[in-house]
Amino acid sequence: MMLRHAFLPLLMGALLPAAAQASRPLDVRDMAALDRISSPVLSPDGRRVVFAVRQTDLDANKSRTGLWIENLVARDAAPPLRFTAEGMSVNSPAFSPDGKSVYFLSAKSGSMQLWSQAVAGGEAVQLSNYAMDVGGYKLSPDGKSIALAFEVFNDCDTLDCSKKRVDEMAARKARGVVFDKVFIRHWDTWADGRRNQLFVASFGADGKLAGEPAKLSRGIDGDIPSKPFGDVDEFAWSPDGKSIAFSVRIAGKTEPWSTNFDIFLAPVAGTEAPKNLTAANPAWDTGPVFSADGKTIYYRAMKRPGFEADRFALMSLDLASGASRELDPQWDASADNIKLSADGKRIYTTAQELGQHPLFSFDIASGQATRVAGDGSIAAFDLAGDTLVFVRNSLKSPGDLFAARVEGAAQGGASAAGGRTPGAASALRQISVNNADKLKDIAFGQYEQFDFIGWNGETVRGYVVKPWNYQAGKKYPVAFLIHGGPQGSFGDGWSFRWNPQTYAGQGFAVVMIDFHGSTGYGQAFTDAISQHWGDRPLEDLQKGWAAAQKKYAFLDGSRACALGASYGGFMVNWIASQWPDAWKCLVSHDGVFDQRMMGYATEESWFTEWENGGTVFDKPENYERFNPVLHVDKFKVPMLVVHGQLDYRIPVEQGIALFGALQRKGVESQFLYFPDENHWVLKPQNSVLWHDTVNAWLKRWTAE
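One structure accompanies this document, and this report is about it. (Residues numbered from 1 in each chain as written. Predicted model: local features only at pLDDT ≥ 70, side-chain atom pairs only at ≥ 80, totals over all residues. Heavy atoms only, no water.)

What about the pairing of strand β10 (residues 136–139)?
Bridge analysis of β10 against strand β11 (residues 145–153) gives four bridges, and the strand direction is antiparallel. Bridging from a neighbouring strand, Y137 pairs with L148 of β11. (Pairing = 2+ DSSP bridges. Helix = DSSP H or I, 4+ residues; strand = E, 2+ residues; numbered from the N terminus.)

Written out as structure tokens, the structure is:
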């Protein structure tokens, strides 16, 4: 449902101050110092929640993550308490099946290992001491065994063998490496031959792990979890603990241009080789979840090979017959994840919708999706019985943890009392208060979603954010933000990298357009950008900018700068020649400058091949159609170029070449270079430098 009301109120239950009490704008240093809430997990009885809090020491230029705990049924409603010790950085919390302990990973011992701590109190106990870092884990249903992910050499029989080889490689004086497969680097890491693999180990009488874990994924040449951003949702235990299902893309030489992930089933006993359950689908299958009786696997699947932004449909696989079916063919949304209700009749999942990222309850029998929690973006959630917890953020609220009751869950899926919808959330209350004091003096820019008619006569939406110090009747310079992806969205959510409130805090108004290609508006809308990087979205941006200026008199169109990263950086490079007269300045962060070289140099070549309709050598004309490098002669708008050395998605040479072209052409330009950042700028002090540099550039060219 589209938001048509006036500037949006605060999220329900948010602990932000009223505008009359606020006295200053948000600065990047304020943003960097905010606690980041993530990874909420409920105890099996739903009485307690543990969640992760990442805290940043800006002076030390580093962050630490600790765990906090809250008793959801306590009558005093006291704030959550720190669970893990101060100074101990941890991640990946999980309750034991009996709810008496919390497991997590920590590198306190010098390597990433498994730890646990009793809910009742006491110190954390190290449970593993393996030769390699534990990359992820999942407890078996009875808590007696555990699935572990390690990055190992597949031809090594032991973890010690992999550790020895890593040490030998580090000690070599000759640093050259010979490759025979093109996937030589990924995201920000060079390949060294290791793969993420699944192992199984058992707990001893003392509760610790000892001995060599058994390799479950033997014979699988692929990464489980996938690199670089895969997680433990890519594998799952069967209810009886006898097998594990996992998603993996078989590597080989085709890995850089393949999105063919499949669901495999492997017996824990190791009596049989892993079996491919979804071989019939040459596209992406992932996220397996077993039904309570173990007879069905639910998972998510795409239909088009090579297209990473295809719609993820909810699927059901009958293990006895091997037959699969799509559960939600009428729901034009792409599911992010799967969590089953206690009665097994509903799937809970998040998905983008019209500029927001709500949580949905999906009825398996009817195929109907119900919006459970929205207004902003749901970043993470967990469900136990009729208790729901989730992290929610918005354009003027960083993530906070909320708890709610799920209607009908306690009655085994029966209709909720009072005519309320089964699966819907009620009794919402905020749990975390970590950032209340840090934000008490901050005035945020109010925001509103608007719509207009864009390419092909279709409705396109965007957001406008007022400057923090907005006064009626005044005009303000504008930061026109262009999102990346390109299948992405600048919607109603908080970001620690491209946050419009940091520009609003500098006195800028902000305009963001979800052009054709954006996610959350139906798959056809998302598909519209492929092979059309430079025309359809540009038309939307132009019409959106015109519509925003017509609707909002406070936008000073004569003092505006356009800026974006990744695809947004490409669009800035394209705008430099195709739409230059609208802008006083431009900012291009990690943007594509030469499409042809991008097609050969990027690591995930499936992306460029899909977006351009084929390979560079098969479809050269497609790569040249919207290629900024061919239009440097028209460059004239001052541009700030930003790039990271460790960016292997859009290699740094793209940014260097762009800066060189601007300088040689005599266009006012600067190059902000980060030797220790990848496609994103993540380190706290680097983030501050990024924002200060960008803000100074915008102010320089939009000054009255």
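Moving on, there is more to tell.
With respect to the nonpolar core
A general trend in soluble globular proteins is that nonpolar side chains are found buried together. Membership of the largest hydrophobic core comes to 54 residues, with the highest contact counts inside it found for W545 and W583. A total of seven residues in this core trace back to one element, the largest contributor, which is helix α7 (residues 567–578). Among residues more than four places away in sequence, those in contact with W545 are V478, F480, V511, L555, G557, A560, W579, A582 and W583. In this structure, A565, L640, F674 and V681 belong to the second largest nonpolar core, which totals 27 residues. (Core = buried A, V, L, I, M, F, W, Y, C linked by side-chain atoms within 4.5 Å. Buried < 20%, exposed > 50% of the residue type's maximum accessible area, 1.4 Å probe, protein only. Contact = heavy atoms within 4.5 Å.)

Regarding empty space enclosed by the protein
Summed over all chains, the structure comprises four cavities of 30 Å³ or more. If you add up the space inside the second largest cavity, you get close to 50 Å³. Lining the second largest cavity we find V152, F153, C156, D157, T158, L159, S162, F199, K215 and R218. For the lining of the second largest cavity, the elements supplying multiple residues, two or more each, are β11 and α2 (159–171). Among the residues making up the lining of the second largest cavity, the classes are represented as five nonpolar, two polar and three charged. (1 Å grid on protein atoms, 1.4 Å probe; cavity = no way out; pocket = protein on both sides within 12 Å on 5 of 7 lines; lining within 4 Å. Points joined across faces, edges and corners; volume = space filled by probe spheres on them. Nonpolar A, V, L, I, M, F, W, Y, C, P; charged D, E, K, R; others polar.)

Considering the side chain of T608
On the secondary structure map, T608 appears in helix α9 (residues 605–611). Within the local environment of T608, its side chain forms a polar contact with the backbone oxygen of S605, the two atoms lying 3.2 Å apart. Ignoring anything within four residues of it in the chain, the contact list for T608 reads M598, G599, T602, G614 and Y623. (Polar contact = N/O pair within 3.5 Å; in protein donor to acceptor, adjacent residues only side chain to side chain.)

Looking at the state of the cysteines
If you walk through the whole model with that rule in mind, you get two disulfides. Two residues share a disulfide in this structure: C156 and C161, whose sulfurs sit 2.0 Å from each other. What sets the handedness of the C156 and C161 disulfide is the S-S torsion sign, and at about -55° it is left-handed. Overall, C156 belongs to the buried group, its relative accessible area being 8%. Overall, C161 belongs to the partly exposed group, its relative accessible area being 28%. One disulfide in the model links C561 with C585; its S-S distance is 2.0 Å. (Disulfide = S-S within 2.5 Å.)

Overview of the sheet that holds strand β9 (residues 125–126)
Taken together, the four strands give an open sheet; going across it, the order is β6-β7-β8-β9, and neighbouring strands pair in antiparallel fashion. Looking along the sheet, the strands with just one partner apiece sit at the ends: β6 (90–95) and β9. For β6 and strand β7 (residues 101–106), the ladder comprises four bridges, and the chain directions are antiparallel. Note on β7: the bridge partner recorded for V90 is S106.

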